[in-house]
Amino acid sequence: QVQLVVPMAVVFGPGSVPADLPSPLPFRDVQEMEISVNVRTSVTSRYEMHYRSATGQEEAALAAATAQEADAALHPLQDTTLGSLTMYVVPETTSLLPQGINVYVGKHRSALVRAGGSLAALQARLREVTQVMSFTASSIAAALSDRVPDGQLSPDARRYLKSSLGYEITFSLLNPDPKSHTVDWDIEGAVNRYVKPVLDKLSLVANFSVDSQILYYAVLGVTPRYDKESSSFLLSAHSLPHVINPVEARLGSSAASLYPVLNFLLYVPEHSHSPLYIQDKDGAPVSTNAFHSPRWGGIMVYNVEAPASPQASLPLHVDVDMARVMEVFLAQLRLLFGLSREEVPPEFLLESPGNEGLADWELDHLLWAHTVENIATVSTTLTSLAQLLDKIGNIVIKDDVASEVYRAVASVQSAVTKLSLGHLHAAFQASKEAVTSSERAFFDPSLLHLLYFPDDQKFAIYIPLFLPMAVPILLSLAKIVRETRLHKKEPTKMD
Amino acid sequence: MAAAMPGASRARAAAALLLLLGCCGAALAAGLQDQAEQFLRSGHTNNWAVLVCTSRFWFNYRHVANTLSVYRSVKRLGIPDSHIVLMLADDMACNPRNPKPATVFSHKNMELNVYGDDVEVDYRSYEVTVENFLRVLTGRIPPSTPRSKRLLSDDRSNILIYMTGHGGNGFLKFQDSEEITNVELADAFEQMWQKRRYNELLFIIDTCQGASMYERFYSPNIMALASSQVGEDSLSHQPDLGIGVHLMDRYTFYVLEFLEEIHPASQTNMNDLFQVCPKSLCVSTPGHRTDLFQRDPGNVLITDFFGSVRKVEITTETLSLDRQVAGFESKFPEEELVTEPLKYAEQLPVAQIIHQKPKQKDWHPPGGFILGLWALIIMVFFKTYGIKHMKHVF
């Protein structure tokens, strides 16, 4: 079965070593946990912990003034392979962590943990940190969602983007009222400055292609309500699902690529419907003025400031503040991938990833989930291919289909082995190759069961044709045989 | 006097308690209803539709009109063309026998033109074959097929499959030359389930003995409707004397009238769709099959399959970006591939074509069948008229 191994280093800073250690530092320990998805499938997680005390350089780094500086200083001293974690334990009375915060999770793969007095308390805290930074039982179950018995996972748990070899991202500017607004957006600059760093970091996960377009006279499907108190127009939360459909027909997607498309729409409301705000379920306006739909993309409403003089001539020139827009779009991109920071316990402080868009441990989070999902997909695909071939015995397997199957099996075995050794990057690449090969084998156009006649159909067609024709032939054959036998007997009779 | 006071205060206390209980009850009920709504909602994130008309020739106008009216309803309720695979086996709108070209009507007196201005047919005329239909469903499509001809559904897609044409007990006729059996269809759905190409599937069929087509399904999450039971014929609705053919089939006609009342936000459920076209109107008995479906049909909205109502979440997080960042140097610089400039081959060498001599066809010796036929004829001739004629031939 699949074993997920996380190599972890727990480094004790000066003054933080608990009194009840089982053996003197350094020592190793292993913690295993089983995540059971259904009766037959389970995944074991294995944390290989290496406890040691801090080196001189690390002690100097931990003596920094703030947690950010300590994290930046510790980064070059860490093990930076994908999937590994480093925990620095700081004394309880440390000034690095603010009051009430017990854990500081940095941008890379490390965290500063406040010592808890005893080893057991420290281990409990470390377990919480590893749950946040690598994977949880529910994230693995969500990756294996098609194996979970129905009813156990809520319908919302399967909403993240499925693991795919590539994604197409399309930025669209919707201008329904070009007579009143001339909208200029520097999308190319914004993509180069803000989007490319994030996609660069995500390039380990998949290939991304970005395009953009401007659509004129594209209206939303819902008419917003005018609210007298705020003298603005409001879109209520329950009308949002109907907004997307009329626009979707015009969005288009590349005819050549089969990758899933993520659409990010920027809507500049009409002059007569400005300003437009989105209301959430409780009736309060949403601060980002944006909403997203799982596996589809996101929409943000960009309100044009009212002109200084009411007699300003139309059309108004609008220069879109791309940084503000990209902040929302990139946050939506993170949410679509499932990287949300909402379920973190309150005593954790998470460092913001800045322009990179996601922290290293969030990238690891994605890689764990996608690797497990890929391995599960490959095994399901190959099993169902084998079942299909069993059912239709006379199907012809071409050589390249066979070689793809062999390659898929070899890749998935190598992925499982690498996971059990703790090499996340290699395991992910192997699982990607396995998925490519298995999909190519399964969806080969020659495997259509229609082209191969089952045996009972062959009998059903040929028997009614040949049986009546065969009756006189068989009868005359029998007559011939009888005659020759009689003929053979006769000479002996006649003397 | 003393007795009345405690009574009044007791009554007031009782009223306050009742009010409190009422409020708690309402809050609890709202919380429970929210949970119940969450639980009963379908888990799909996108919708697809595969609409197939399998018969050709002018007198099968009604089958094309059937399919186009379902196409129209599905588009009106929100599914975009990129998510609809429309297969029409013949072109009725531009048929030479159509007295009103570029229209296909569903109601007599030409009330409703279901052809519209923006119909997008993906598989047309002779491309509608059993093989192509099964390729679309299972995804085993040659790599050169364009995106509009593919069913790119995933495990969160609800798919509507509508088929109409001439059928019989256990089969559906395609193009008057081949047929698809219910076993093949059930196997195709099982292949789709194995690869998780659908979340839930609604299968509607409007042919004679339509219920036989869904008898063999065995994959989960499929709901099926048919216009008639085994042994019954589905009848057509009404002819239009101007066009000269029957315009629609009865079952689809009443389904279209039912769907015209639905709008994207309506809460009508499947149980109402099952009641469409009772025996008095349809003459045949429509049937349905829900045993493979996990949710209760009463909780399934019509728009879960016919429309495209997306799940939406409000974005509450933002990323904080440093605006002072200059240009960006990618960690993985793209290598510049040096390619030589390409020239397009001449696609239509008109001068060559019009001056070409007709190609000499190679002579092939007669095949086995012709030889066998001639041998048979000669044998019969000589058997009848006697072997003595042989010497005159040779």
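Residues numbered from 1 in each chain as written. Chains lettered and ligands numbered in written order. Predicted model: local features only at pLDDT ≥ 70, side-chain atom pairs only at ≥ 80, totals over all residues. Heavy atoms only, no water.

Some details on the pattern of salt bridges
Following the criterion strictly, the structure yields 29 salt bridges over all chains and no others. Bridged by salt links that share partners, the residues Lys162(A), Arg295(A), Glu373(A), Asp154(B), Asp155(B) and Arg156(B) form one connected network. (Salt bridge = Lys/Arg side-chain N within 4 Å of Asp/Glu carboxyl O.)

Observations concerning the environment of Pro286(B)
Residue and element names in this part refer to chain B. Tracing the sequence through the fold places proline 286 in the loop between helix 7 (279–282) and strand 10 (287–289). Along the sequence, proline 286 and tyrosine 254 sit 32 residues apart, while their C-alpha atoms lie 12 Å from each other. Residues contacting proline 286, with those up to four places away along its chain left out, are Ala226, Ser227, Ser228, Gln229, Tyr251, Val276 and Cys277. (Helix = DSSP H or I, 4+ residues; strand = E, 2+ residues; numbered from the N terminus. Contact = heavy atoms within 4.5 Å.)

Quick notes on the interface of chain B and chain A
Many authors give the size of an interface as the accessible area that is lost as the parts come together. Taken together, the contact between chain B and chain A spans 57 residues of the former and 79 residues of the latter. Buried area between chain B and chain A, both sides added, is near 6000 Å², and the carbon and sulfur share of it is 55%. Among the residues of chain B in contact with chain A, Arg140(B), Arg147(B) and Leu319(B) are the three that bury the most area, contributing 13% of the side total. Between the two partners, chain B and chain A, sit five salt bridges. (Buried area = accessible area lost by both parts, 1.4 Å probe.)

Describing the packing of aromatic side chains
Residues and elements named next belong to chain B. For the coordinates displayed, the defined rule picks out 22 aromatic pairs over all chains. Consider the rings of tryptophan 58 and tyrosine 61, whose centres lie 5.2 Å apart with planes at 80°: the pair is edge-to-face. For tyrosine 61, a relative accessible area of 0% gives the class buried. Positioned over the ring face of tyrosine 123 is lysine 149, at 5.1 Å from the centre of the ring. The ring of tryptophan 193 has arginine 196 lying over it, and the distance from NZ or CZ to the ring centre is 4.2 Å. (Phe/Tyr/Trp six-rings, centres within 6.5 Å; stacked < 30°, edge-to-face > 60°. Buried < 20%, exposed > 50% of the residue type's maximum accessible area, 1.4 Å probe, protein only. Lys NZ or Arg CZ within 6 Å of the ring centre and 35° of its normal.)

A closer look at the UniProt feature "active site" (unreviewed entry) in chain B
All names here are of chain B. Under the UniProt annotation, "active site" (unreviewed entry) lies at His166 and Cys208. Their sequence span is 43 residues, while the largest C-alpha to C-alpha distance among them is just 6.4 Å; these annotated residues converge on one region. Take histidine 166: it is sitting in the loop between strand 4 (157–164) and strand 5 (167–168). In this structure histidine 166 comes out as partly exposed when scored by relative accessible area, which is 24%. Among the polar contacts listed, one links the side chain of histidine 166 to the side chain of asparagine 60, at a separation of 2.9 Å. Relative to the elements of secondary structure, cysteine 208 occurs in the loop between strand 8 (200–206) and strand 9 (222–226). Taking the relative accessible area as the measure of exposure, cysteine 208 reaches 18% and is therefore buried. (UniProt positions renumbered as here; feature names shortened; annotations may be inferred. Polar contact = N/O pair within 3.5 Å; in protein donor to acceptor, adjacent residues only side chain to side chain.)

A look at the pairing of strand 12 (residues 261–267) of chain A
All names here are of chain A. The element strand 12 is largely enclosed, with a buried count of seven among its seven residues. Residues Val261, Asn263, Leu265 and Tyr267 point to one face of strand 12 and Leu262, Phe264 and Leu266 to the other, with burial holding for every one of them. Relative to strand 12, strand 7 (residues 166–175) runs parallel, the two sharing seven bridges. Counterpart to threonine 170 in the pairing with strand 12 is asparagine 263. As paired elements, strand 12 and strand 15 (residues 297–301) share five bridges and run parallel to each other. Bridge pairing in strand 15 places phenylalanine 264 opposite glycine 298. (Pairing = 2+ DSSP bridges.)

Some details on the UniProt feature "transmembrane region" (unreviewed entry) in chain B
Within this numbering scheme, the UniProt entry marks residues 363–382 of chain B as carrying the feature "transmembrane region" (unreviewed entry). Overall, residues 363–382 of chain B shows 75% helix and 0% strand. The separation of its end C-alpha atoms is 30 Å.

With respect to the nonpolar core
The biggest cluster of nonpolar side chains holds 97 residues, and the ones touching the most others in it are Leu4(A), Met87(A), Phe171(A), Leu202(A), Leu266(A), Met326(A) and Leu333(A). For Leu333(A), the residues in contact, after removing those within four places along its chain, are Ile169(A), Val198(A), Leu199(A), Leu202(A), Leu262(A) and Phe264(A). Membership of the second largest hydrophobic core comes to 53 residues, among which are Ala49(B), Tyr61(B), Val70(B) and Val255(B). (Core = buried A, V, L, I, M, F, W, Y, C linked by side-chain atoms within 4.5 Å.)

What about the domain arrangement of chain A?
Residue and element names in this part refer to chain A. Taken domain by domain, chain A holds domain 1 (2–143 + 345–350), domain 2 (166–337), domain 3 (362–451) and domain 4 (453–494). The interface is formed by 17 residues belonging to domain 1 together with 15 residues belonging to domain 3. Summed over both partners, the interface of domain 1 with domain 3 buries about 1400 Å², with 66% contributed by carbon and sulfur atoms. The largest per-residue losses of area from domain 1 upon contact with domain 3 belong to Val5, Leu82 and Ala143, which jointly make up 36% of the total buried on that side. Where domain 1 meets domain 3, there are one salt bridge. Note that aspartate 364 and arginine 109 form a salt bridge whose closest N and O atoms lie 2.7 Å from each other. Viewed at the interface, domain 3 and domain 1 are joined by four residue pairs in polar contact (both at pLDDT 80 or more). Tallying contributions element by element places strand 1 (residues 2–12) first for the side of domain 1 that touches domain 3, with six residues. Classifying every residue of the side of domain 1 that touches domain 3 gives 11 nonpolar, five polar and one charged. (Domains from an automatic or database assignment. Nonpolar A, V, L, I, M, F, W, Y, C, P; charged D, E, K, R; others polar.)

Describing unusual backbone geometry
Of the consecutive residues Ser274(A) and Pro275(A), the connecting peptide bond is found in the cis state with omega at -15°. Among the secondary structure elements, Pro275(A) is positioned in the loop between strand 12 and strand 13 (276–278). Even without being a glycine, Arg295(A) presents a positive backbone phi close to 65°. Positionally, Arg295(A) belongs in the loop between strand 14 (290–293) and strand 15. What makes Arg295(A) buried here is its relative accessible area of 14%. You will see that Asp176(B), though not glycine, has its phi angle at about 65°, which is positive. Tracing the sequence through the fold places Asp176(B) in the loop between strand 6 (171–174) and strand 7 (178–181).

Concerning the state of the cysteines
A full pass over the atoms with the stated rule returns one disulfide over all chains. There is no disulfide at Cys208(B), and the cysteine sulfur nearest it, in Cys282(B), is 12 Å away. (Disulfide = S-S within 2.5 Å.)

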